[in-house]
Each structure stands twice: as C-alpha cells, then as structure tokens.
Amino acid sequence: MAEMSDNNLAKTTVTQQAIASCCGAIITSLFVTPLDVIKTRLQAQSNPFYKGKCFVYSNGLMDHICVCDNGDSKAWYKKPGHFKGMLDAFVKITQKEGVKSLWSGLPPTLIMALPTTVIYFTCYDQLSEALKSRLGKDDEHIPILAGSLSRFGSVTVVSPLELIRTRMQYRKFSYKQLYLCVSSKVASDGWLSLWRGWSSTVLRDVPFSAMYWYNYEHFKKILCKELGTHETTFFIAFASGAASGSIASVITLPFDVVKTHSQTELWECETLKSAEGQYINLGSYEENCR
C-alpha cells in the first residue's frame, strides 16, 4: 500500500487499497495485542481494577477505553495470576489459560479498529495521489498534508462510534436502550455531544500522522538511494516505518499522556455518577469532572 512504489500504487484501485489496509490491520493486531494483554494483566496485579475504573486497551491499531465490571466479574483482565515480569506472564498465561488468552478482548475492538484503519490508509493513498497531481511528485508537503487530513477524517468518523461502544460496554445497554439514550442526548445537547473526547484524540493523532508519514517517505527515499534501487523492498519499508514511528511516538508522548488521562478521567467520572443512580449527561460531565 503506502510502501509500494509510485508506479505500482497508481495501478491499485480503492478496493485493493482497502483490502490491503484491512489485511495489514489484522496482522498488526495479532502481533501487538498479546503485548498489551500482558501489560494490562501486570497493571491489574500491581493495582487491582475496581468497578468503574478505566484502562486503555490497545490492539496496535487504535486505543480503546475499557471500563471495569463488578469485582466478582470473570473478565479476562481480572483473572488471578502472580507474574514476575512480561516473559513470566507470557509463559504462565499460555500454560494455564491457553494461547487464545493472549488475544483476550480483541474481537470487540476490531469492530471499531478495522473501519478506522481502512478509512485512514485508503484516504492517505488517495490524497497522496491527488496532491501529487497538483503539487508535483516530489513535493515534501504531500505526506504531511495527506497524513494529517486522513487521520483527522478517520478520527472524526469513528469517534461517535467509539463513544457508543464504551457506553454499551459499561452500562450493558440493549440496542433499543442505546438508541433512546443517544437520541435523548442529541435532543438535549446537540449532535456535537457525540464527539466528546474528540479534541484530545485529534491533538495526539494528527501531529503523529503528519510526522510519521513525512519521516516515512523521507527515510524511504534515503534508503532506496543508498541501496541503489527504485523499488521499495520489504526491508526498506519496515526500517522506514520503524524509524519514523519511533520518532513520532517520542515527540507526541506528552499528547498521548494528556489524551489517556483526560479520556479515562471522563469515563470514570461518568461511571461514578452512574453508580450513584444519577442520569448522565454527556454535555455536562466535563464540567462535573473539573
């Protein structure tokens, strides 16, 4: 997809780009999810998750806010275990709970993550081609513009769906109850209430994407020149992606901390008020959490 040469990319259709990004997303989640499951289990061991506590679950594609169930819940993140570290946790979870436990919680998050990834990467490819035809093939601003706009679009589209998914998780709503809840929320607070928490996500994801794609394309050109090839090999794509991802992650780390803190605080405030039997208004709990 993004790692293909310009000649090959021009021959791919939107459908092919969507399928490629979907396959890449699934492969990424299969590799990354076990690491996050182990991280979550280690966190739960050192600081037990009480009812209403929120934690961030990442499948390698996007972050999801998860709200803990009751203390007697059999949820995967509350299973007993005494781990000395990541390797010890990997071995014990595999031996006692089975290999499938390393991918606990993955299926529900893929419902949101796959569409987000498909929208993001397909839009990036399409925007890159459109901008190249206007600004020129070698314009260095293209990766920044295409990366920023595609991430902005995907976050904006999926943000209300992720909010609804989180509400369903912690309140155990039926679809009818969820529809009534969302309808009343929109009626009282307007459509913008469905994008609560959107700003903190955009502040982290858009700068990350701009830096990632700029550095990715830059490193790719350097490596191709050094190796004397016009084709982007797997090694070149992998090395460029790893280097650019590392740089973007380090630079945007403060934004990531702010995003995680604000979103977990937002949902913990809502679950606390829900436990007290009070009706939650998405438009006002930002005020209540101050």
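Procedures and definitions
- For every chain, the first residue of the written sequence is number 1, and numbering continues from 1 along that sequence.
- Local features are withheld for residues below a pLDDT of 70 in this predicted model, meaning they are given only at 70 or higher, and side-chain atom pairs are given and counted only at 80 or more; totals for whole chains, interfaces and linings count all residues.
- Just so you know, side-chain values use all the structure's heavy atoms and leave hydrogens and water out.
- To qualify as a helix, a DSSP run of H or I must reach at least 4 residues; to qualify as a strand, a run of E must reach at least 2; elements of each kind are numbered from the N terminus.
- Only protein chains enter the accessibility calculation, which uses a 1.4 Å probe; a residue is then buried when its area is under 20% of its type maximum, exposed when over 50%, and partly exposed in between.
- Pairs of residues are marked as contacts when any of their non-hydrogen atoms sit within 4.5 Å.
- The accessible surface values rely on the Shrake-Rupley method and a 1.4 Å probe; as for residues, cover is taken only from the protein chains in view.
- We call a pair of cysteine sulfur atoms a disulfide when they lie within 2.5 Å.
- The patches described consist of residues with a relative accessible area above 30% and no salt bridge, like charges being joined within 9 Å and nonpolar side chains (Val, Leu, Ile, Met, Phe, Trp, Tyr) within 5 Å.
- By definition, a salt bridge exists where a carboxyl oxygen of Asp or Glu is found within 4 Å of a side-chain nitrogen of Lys or Arg.
- Helix span is expected to be 1.5 Å times the residue number reduced by one.
- Two strands are said to pair when DSSP picks up at least two bridges between them.
- As a per-residue quantity, pLDDT reports the predictor's confidence and falls between 0 and 100.
- Geometry is summarised by axes, namely lines fitted to C-alpha atoms with helices restricted to the contacting stretch, and by angles between N-to-C directions that run from 0 to 180 degrees.
- We call two directions roughly parallel when the angle between them is under 35 degrees, roughly antiparallel when it is over 145, roughly perpendicular when it lies between 65 and 115, and oblique otherwise.
- By convention the crossing between two helices is left-handed if the near helix lies anticlockwise of the far one by an angle smaller than a right angle, and right-handed if it lies clockwise.
- Only Asp, Glu, Lys and Arg are considered charged, only Ala, Val, Leu, Ile, Met, Phe, Trp, Tyr, Cys and Pro nonpolar, and every remaining residue, Gly among them, polar.

Colleague: Lay out the overall build of the protein chain with the relevant residues and their values.
Modeller: The number of helices and strands found in the protein chain is ten helices and two strands. Along its sequence from the N terminus, the protein chain presents helices and strands in the succession α-α-β-β-α-α-α-α-α-α-α-α. Counting across all 290 residues of the protein chain, residues that qualify as buried make up 42%. Long-range contacts, defined as pairs at least 24 residues apart, comprise 68% of the intrachain contacts of the protein chain with a sequence gap of at least 6. Carbon and sulfur atoms make up 65% of the accessible area of the protein chain, which amounts to about 15,800 Å² in all.

Colleague: An account of the state of the cysteines is requested, with residue identities and associated values reported.
Modeller: The tally for this structure, following the rule as stated, stands at zero disulfides. As a non-bridged cysteine, C23 has C22 as the owner of its nearest cysteine sulfur, 5.8 Å distant.

Colleague: Help me get a handle on a nonpolar patch on the surface, residues and values and all.
Modeller: Together, I26, I27, L30 and F31 line one region of the surface with nonpolar side chains, adding up to about 400 Å² of accessible area. Along the polypeptide, I27 turns up in helix α2 (residues 14-46). The class of I27 is partly exposed, set by a relative accessible area of 48%.

Colleague: Describe helix α7 (residues 198-227), and please don't skip the residues or the numbers.
Modeller: With 30 residues, α7 ought to run about 44 Å at 1.5 Å a step, and its terminal C-alpha atoms sit 42 Å apart, in line with that. Count one or two residues on from α7 and you reach G228, which has phi positive near 65°.

Colleague: Can you tell me about the pattern of salt bridges, naming the residues and giving the values?
Modeller: Counted under the stated rule, the structure contains eight salt bridges. When the shortest N-O distance is used, the salt bridge between E129 and K132 registers 3.9 Å. Taken together, the positions of E129 and K132, both in helix α4 (residues 106-135) and three residues apart, correspond to about one turn of that helix. By relative accessible area, which is 29% here, E129 ends up partly exposed.

Colleague: Got a sec to walk through the environment of V157? Specific residues and values, please.
Modeller: The topology assignment puts V157 in helix α5 (residues 142-171). The exposure class assigned to V157 is partly exposed, which follows from its relative accessible area of 46%. For the pair formed by V157 and W195, sequence separation is 38 residues and the distance between their alpha carbons is 9.5 Å.

Colleague: Can you break down the pairing of strand β2 (residues 63-67) residue by residue, with the values?
Modeller: The element β2 is extensively covered by neighbouring structure, given that four of its five residues are classed as buried. Pairing of strand β1 (residues 54-58) with β2, which is carried by five bridges, proceeds in the antiparallel orientation. Residue pairing across strands places Y57 opposite H64, the latter belonging to β2. The antiparallel pairing of β1 with β2 creates a hairpin that spans four residues between the two strands, and G60 there sits at a positive phi of about 90°.

Colleague: Any details on the confidence of the model for the protein chain? Residues and values, ideally.
Modeller: In the predicted model, the protein chain carries a mean pLDDT of 80, and 81% of its residues have values of at least 70. Confidence scores differ between elements of the protein chain, with helix α10 (residues 285-288) showing the lowest mean pLDDT of 40 and helix α8 (residues 234-251) the highest of 92. Counting interchain partners and residues more than four positions distant, the pLDDT-below-50 stretch residues 1-6 has 23 contacts. For the stretch residues 277-290, pLDDT sits under 50, and the model shows 34 contacts to residues farther than four places along the chain or on other chains.

Colleague: An account of the packing of α4 against α7 is requested, with residue identities and associated values reported.
Modeller: Following both chains from N to C, one finds α4 and α7 inclined at 50°, their axes separated by 14 Å at the closest point. Taken as axis vectors, α4 and α7 run oblique relative to one another. When you trace α4 past α7, the crossing you get is right-handed. Packed against α4, whose contacting residues are Y120, F121 and Y124, the element α7 presents S209, W213 and E217 at the interface. In the contact of α4 with α7, the residues fall into four nonpolar, one polar and one charged.

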